[in-house]
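Working through the structure, step by step
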Amino acid sequence: MSPARSAIPIICTEEVREALHEGRPVVALESNVITHGLKYPHNAQTALEVEAAVRKGGSIPATVCIEDGAIRIGMTEQDIERFASESGIPKVSSRDLPVVLARGGRGATTVASSLVAAELAGIPFFSSAGLGGVHRGAEMTMDISSDLIQLTRSKVAVVCAGAKMILDLKLTMEYLETHCIPVISHGSDDFPAFYCASSGLKAPHRIDDENLIARVVATHWAAGHPGGVVITTPPREEDAVDPAEAEAAIADALAQAERDGVSGQGLTKYLMHAVDRATGGRTAQANMAVLISTAEIGGRMAAAYAHRQAASSGQR
Ligand code: PSU
Ligand code: MN
C-alpha cells in the first residue's frame, strides 16, 4: 500500500474483508441516499432491502459511510438504522471527503465519494439507482455532479438505472462520451431515466449477456483507462412512473427551486423531494423499488466479473 493510501483509515466489516480476501464478489453502495434521498423509516427499510437484493444477485453488499474520520466499508443493521433516523449527518461528496476524514468526522457518501472508497478498498462494482449528472441550466450555473467527474477517475463499474430525471440527460450523456466513459445498457435499447424506463435517448451500446459485460469492464481497464464504466438497467415496468407525469412534476419543482433560490449541493435533494410531493409519493416509491431491482442486477454483474477474474487468474 502506498503511503498516501495508508494515511486513510479504512474499516471493513469482517464479512467484506473476508470476501475481498477470497476474491468473492462485493458491491459497494452509497449512504447519502439513506440520509438525504429517502425519508425515515423508508430509508432504513430500503437500505436493508437493497443489501438483501445484492445478496440475491450473488454478491456481498458493502454500504459505505464515514465515521470517526474513517471510511467504513459495510454497515451493520444498527449503523443503517442510526444513519437513517438521525438528522444532521452531512452529505459528503468527493470534495468534502478529505475534510471530513481529517477532522475525524462522519458523513454519508454520495456516488462520487463512494467510488473513491470502493477503489481504495479494492471493490470493482458499485450500485445505486440514479447517478448525479449535468443539471438542467448547467450552461448558466455550471452545476455538474461530481459523480460524473469521479467516474473519470475511479476504476469502479457503476450499475444504475441511468441518471436522475431531474437532470439534463442529453448533456449528461454528452459528458460521459466526452470523458470516454463506456455506457452499456442492459435489458433495453435506451438510456433509462431512473423513474422511467427510457429517457428518450438511445444508449450507445446494448449488452444483455452479463458475462460479456464483465469482459467489457475488464477490457476497459486492461486498456489502461483510469475511470469507470456505466452499466444501466431500466426500472421494472411495474415500478416505473409515467414520463409525462414525472416531467410535469419536475418542471414545477425546478420553478419552485428557482423561486426559493436553491442551488448548489442542496439542489438534488430539494428537487427530488419536491417531485415526490407533487406525485403524492409515487416517485419516492419508484425510487425505492428501482434501488432494490438495480442492486440485484449489480449483484449479478459483480458476480460475473469476479467469476471471470478467478477463471483468468487460474489460467496464468
Ligand atoms: N438526493 C436524493 N437521492 C439521491 C441523492 C440525493 O433524493 O440519491 C444523491 C446521490 O447520493 C448522488 C448525489 O450521488 O445525490 C448527487 O448529488 P449532486 O447532484 O449534488 O452531485
Ligand atoms: Mn451540484
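Everything below is about the structure shown above.
Residues numbered from 1 in each chain as written. Chains lettered and ligands numbered in written order. Predicted model: local features only at pLDDT ≥ 70, side-chain atom pairs only at ≥ 80, totals over all residues. Heavy atoms only, no water.

This part is about the overall build of the protein. Counting its secondary structure elements, the protein contains 14 helices and 13 strands. Relative to the compact-globule value of 20 Å for 316 residues, the protein shows a C-alpha radius of gyration of 18 Å, a close match. Oriented by its inertia axes, the alpha-carbon framework of the protein measures out at about 60 × 45 × 35 Å. Taken across its 316 residues, the protein has 55% of its residues classed as buried. A sequence separation of at least 24 residues applies to 75% of the contacts in the protein between residues at least 6 apart. The positive charge centre, built from 28 side chains, and the negative charge centre, built from 37, are 4 Å apart in the protein. (Helix = DSSP H or I, 4+ residues; strand = E, 2+ residues; numbered from the N terminus. Rg over C-alpha atoms; globule rule 2.2 N^0.38 Å. Buried < 20%, exposed > 50% of the residue type's maximum accessible area, 1.4 Å probe, protein only. Contact = heavy atoms within 4.5 Å. Lys, Arg positive; Asp, Glu negative; His and termini not counted. Charge placed at Lys NZ, Arg CZ, Asp CG, Glu CD.)

With that out of the way, let us pick up the site of ligand 1. E30, K91, S145, D147 and T268 are the nearest of the 14 residues found near ligand 1. V111 is positioned such that a nitrogen or oxygen atom in its backbone is 2.9 Å from an oxygen atom of ligand 1. Note that an oxygen atom of ligand 1 is positioned 2.7 Å from one of the side-chain N or O atoms of S145. Taking 470 Å² as the accessible area of ligand 1 by itself, protein coverage stands at 95%. Put simply, ligand 1 lies in the largest pocket. When contributions to the shell around ligand 1 are tallied by element, the ones reaching two or more residues are α3 (32-37) and α13 (267-278). In terms of residue class, the shell around ligand 1 is built from 3 nonpolar, 6 polar and 5 charged. (Near = heavy atom within 4 Å. Polar contact = N/O pair within 3.5 Å; in protein donor to acceptor, adjacent residues only side chain to side chain. Areas by Shrake-Rupley, 256 points an atom, 1.4 Å probe, with all protein chains shown as cover. 1 Å grid on protein atoms, 1.4 Å probe; cavity = no way out; pocket = protein on both sides within 12 Å on 5 of 7 lines; lining within 4 Å. Sits in = over half its atoms within 2 Å of the grid points. Nonpolar A, V, L, I, M, F, W, Y, C, P; charged D, E, K, R; others polar.)

This brings us to the side chain of T232. Within the element layout of this structure, T232 appears in strand β13 (residues 229-232). Not counting the four nearest positions on each side in its chain, T232 is found in contact with C160, G162, V183, I184, S185, H186, F191 and P192.

With that settled, the discussion passes to the layout of surface pockets. Considering only enclosed or pocket space, the largest pocket measures out at about 610 Å³ in volume. Together, 34 residues line the largest pocket, and K91, T110, S145, D147 and T268 are the ones closest to its centre. Contributing elements (two or more residues each) for the lining of the largest pocket: α3, α9 (146-151), α13 and α14 (282-315). Here the lining of the largest pocket is built from residues that sort into 8 nonpolar, 17 polar and 9 charged. (Points joined across faces, edges and corners; volume = space filled by probe spheres on them.)

Close contact between helix α12 (residues 243-259) and α13 brings their axes to 9 Å; oriented N to C, the two are set at 130°. Classed by the angle they form, the pair α12 and α13 counts as oblique. The way α12 lies across α13 gives a crossing that is right-handed. Where α12 approaches α13, its residues A249, I250, A253, L254, Q256 and A257 are matched on the opposing element by L267, Y270, L271, A274, V275, R277 and A278. (Axes fitted to C-alpha atoms, helices over the stretch in contact; angles between N-to-C directions. Parallel < 35°, antiparallel > 145°, perpendicular 65-115°, else oblique. Left-handed = near helix turned anticlockwise from the far one by under 90°.)

With that out of the way, let us pick up unusual backbone geometry. A cis amide bond, omega 0°, links Y40 with the succeeding residue P41. Located in the positive-phi region is C180, a residue other than glycine, with phi close to 65°. Assessed through its relative accessible area of 48%, C180 is described here as partly exposed. Positive phi outside glycine occurs at F194, with the angle close to 70°. Its place among the elements puts F194 in the loop between β10 (190-193) and β11 (196-202). Given the relative accessible area of 1%, F194 is considered buried.

Glancing now at the side chain of T46. By the secondary structure assignment, T46 is in helix α4 (residues 42-56). In this structure T46 touches L38, M288, L291 and I292, once residues within four positions along its chain are discounted.

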